[in-house]
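Structural overview for review
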Amino acid sequence: SLPAKLINGGIAGLIGVTCVFPIDLAKTRLQNQQNGQRMYTSLSDCLIKTIRSEGYFGMYRGAAVNLTLVTPEKAIKLAANDFFRHHLSKDGKKLTLMKEMLAGCGAGTCQVIVTTPMEMLKIQLQDAGRIAAQKKLMAAQLPSPAAGAAEPVVQTRTTATQITRELLRSKGIAGLYKGLGATLLRDVPFSIVYFPLFANLNKLGQKDPNVKAPFYVSFLSGCVAGSTAAVAVNPCDVIKTRLQSLQRGVNEDTYSGILDCTKKIWQKEGPTAFFKGAYCRALVIAPLFGIAQVVYFIGIAEFLLDMLPKPRA
């Protein structure tokens, strides 16, 4: 049933995000730093420096936004894919690869309704620590004329609510949907690659077409399909992250759109810059979608719904 699908998708998203959010934070910071202003050299270096400067919970900045909105986002994505697959297979025939890709395309298009504002707010909170650390480093390198020492940098932590209010006040609802084109450019190809690949890998573990594959097959299929699709669309994710960042570090470029962002990254940072944070994104997406598919296919929601008291006849 649709309620069960939505509950399954939501639970899957919550579990997955909680497990991999620190890696996602590192991915955002690695993607946003530009040549000449590098604060971090790798995933481990980013996490270590984040813990030292912001504490353990600094790795979870922006997690509240993700945990709040990932439920509808994952629910829409998984339920929409099922919806399109069902309607594309009404003739009773097995879905062709093209129809599987078309269903994935529909799912990716639907999910951006929630994904774009979620990513927009999450990125501001995730990257705030990098910008603050960069400003602190720059201040330390400039001696104070009075005392001969660097002046302390006062850090004020903004919240998702404050950012939302400011964007709605200054730009309206469109402010929350900045980078919508880049989000579509990432999520639609991702779903086109992910869902057909997962479905076909999952079928390899089915002894009978009418029987679900074992949970470990669904988990491994989700991991492989997720990491493959994540790396494939990483250039679009880098562009999306840069476009959705409202604040910039010292001497960092600003961008007017997808083409301008692509051109500047290519010219100033080289083609390898489009794969910044690719391994982080693979590490995030693999378990996230592995867990999501296990929860979704086990059907925790059906169990919970069955536990509810039934109305008497």
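Residues numbered from 1 in each chain as written. Predicted model: local features only at pLDDT ≥ 70, side-chain atom pairs only at ≥ 80, totals over all residues. Heavy atoms only, no water.

What counts is decided by this rule: UniProt positions are given in the numbering used here, feature names are shortened, and annotations may be inferred rather than shown by experiment.
Named according to an unreviewed UniProt entry, the protein is Mitochondrial glutamate carrier 1 originating from Pachyramphus minor. For the record of the protein, the UniProt heading Catalytic activity (unreviewed entry) holds the text "L-glutamate(in) + H(+)(in) = L-glutamate(out) + H(+)(out)". Per UniProt, the protein has the following entry under Sequence similarities (unreviewed entry): "Belongs to the mitochondrial carrier (TC 2.A.29) family."

1. Some details on the overall build of the protein
We apply this condition: Segments assigned H or I by DSSP are reported as helices when at least four residues long, segments assigned E as strands when at least two residues long, and all are numbered from the N terminus. Throughout, exposure labels follow a simple rule: accessible area from a 1.4 Å probe, protein chains only, divided by the maximum for the residue type, with under 20% read as buried, over 50% as exposed, and the rest as partly exposed. Contacts: residue pairs with any heavy atoms within 4.5 Å of one another.
Counting its regular elements, the protein contains 11 helices and 0 strands. Ordered by position in the sequence, the α and β elements of the protein form the string α-α-α-α-α-α-α-α-α-α-α. Counting all 313 residues of the protein, 49% fall into the buried class. In the protein, once contacts between residues fewer than 6 apart in sequence are set aside, the share between residues at least 24 apart is 79%.

2. So, the confidence of the model for the protein
Put simply, the test is: Per residue, pLDDT captures the predictor's confidence, and it can take any value from 0 to 100.
Chain-level pLDDT for the protein is 82 on average; 86% of the residues reach the 70-or-more range. Low pLDDT, under 50, characterises residues 147–151; the stretch is placed with 9 contacts to residues that sit more than four places away or in other chains.

3. Quick word on helix α3 (residues 63–88)
This is how it is decided: Take the number of residues in a helix, subtract one, and multiply by 1.5 Å to get its expected span. To get the bend at a residue, fit one axis to the 7 residues ending there and another to the 7 starting there, then take the angle between the axes.
Look at α3: 36 Å from first C-alpha to last across 26 residues, which is about the 38 Å you get at 1.5 Å a residue. Remark: the principal bend of α3, roughly 45 degrees, maps to V70, with a proline, P72, within the next four residues.

4. Side note on the nonpolar core
Going by this rule: Nonpolar core, defined: a set of buried Ala, Val, Leu, Ile, Met, Phe, Trp, Tyr and Cys residues in which side-chain atoms within 4.5 Å join the residues together.
Counting 39 residues, the largest nonpolar core has L43, V65, F190, Y194, I285, L288 and F289 as the members making the most contacts within it. For this core, the elements supplying multiple residues, two or more each, are α1 (2–32), α2 (43–54), α3, α4 (97–141), α5 (160–171), α6 (180–203), α7 (215–232) and α10 (278–298). Of the residues forming this core, the biggest block, 6 residues, is contributed by α1. Residues within four places of F289 in sequence aside, it is in contact with K74, K77, F190, Y194 and G222. Among the nonpolar cores identified, the runner-up in size contains 9 residues, and V238, L243, C261 and A273 belong to it.

5. Digging into helix α8 (residues 234–244)
Within α8, 10 of the 11 residues are buried, leaving the element largely enclosed by the surrounding structure. Within α8, burial applies to N234, C236, D237, V238, I239, K240, T241, R242, L243 and Q244.

6. Comments concerning the environment of R165
Within the element layout of this structure, R165 appears in helix α5. In this structure R165 comes out as exposed when scored by relative accessible area, which is 60%. Linking R165 and L176, residues 11 residues apart in sequence, is a C-alpha distance of 10.0 Å.

7. Section: the packing of aromatic side chains
Short version of the rule: A pair of Phe, Tyr and Trp rings is counted when the ring centres sit within 6.5 Å of each other, with Trp represented by its six-membered ring. The angle between the planes then sorts it: under 30 degrees is stacked, over 60 is edge-to-face, the rest tilted.
What the rule picks out here adds up to 8 aromatic pairs. Geometrically, the ring pair formed by Y194 and F198 is stacked, given 6.0 Å between the ring centres and 15 degrees between the ring planes. Here Y194 and its partner F198 are both found in helix α6, 4 residues apart, which amounts to about one turn of the helix. Centroid distance W266 to F274: 6.3 Å. Interplanar angle 40 degrees. Geometry classified as tilted. In this structure W266 comes out as exposed when scored by relative accessible area, which is 53%.

8. A look at the pattern of salt bridges
Where charged atoms from two side chains of opposite charge come close, those side chains can pair. Heads up, the condition is: Here a salt bridge means any side-chain nitrogen of Lys or Arg lying within 4 Å of a carboxyl oxygen belonging to Asp or Glu.
Within the structure shown, the criterion is met by 19 salt bridges. Across the pair R29 and E54 runs a salt bridge, and its minimum N-O distance is 2.9 Å. Separated by 25 residues along the polypeptide, R29 in helix α1 and E54 in helix α2 bring together distant segments of the chain. Across the pair, exposure class does not vary: R29 and E54 are buried alike. Close ionic contact of R85 with E100 constitutes a salt bridge, the shortest N to O distance being 3.5 Å. Linking R85 in helix α3 with E100 in helix α4, this pair joins segments that are 15 residues apart in sequence. Summarising the burial analysis for this pair, R85 and E100 share the class buried. Here the residues in one salt-bridge network are D24, K27, E119, K122, R186, D187, D237 and K240, joined through shared partners.

9. Some words on the packing of α6 against α8
Operational definition: In this analysis an axis means a line fitted to C-alpha atoms, helices contributing only their contacting stretch, and an angle means the value between N-to-C directions, from 0 to 180 degrees. Angles below 35 degrees are treated as roughly parallel, those above 145 as roughly antiparallel, those between 65 and 115 as roughly perpendicular, and all remaining angles as oblique. Helix crossings are classified by the rotation of the near helix relative to the far one: an anticlockwise turn of less than a right angle makes the crossing left-handed, while a clockwise turn makes it right-handed. Under the scheme applied, nonpolar residues are Ala, Val, Leu, Ile, Met, Phe, Trp, Tyr, Cys and Pro; charged residues are Asp, Glu, Lys and Arg; polar residues are all the others, including Gly.
With their axes 9 Å apart at the nearest point, α6 and α8 run at an angle of 155 degrees to one another. Comparing their axes, α8 and α6 come out roughly antiparallel. The two elements α6 and α8 meet at a crossing, and its hand is left-handed. Between α6 and α8, the residues in contact are A182, T183, L185 and R186 and C236, D237, K240, L243 and Q244, respectively. Classifying every residue of the contact of α6 with α8 by side-chain character gives 4 nonpolar, 2 polar and 3 charged.

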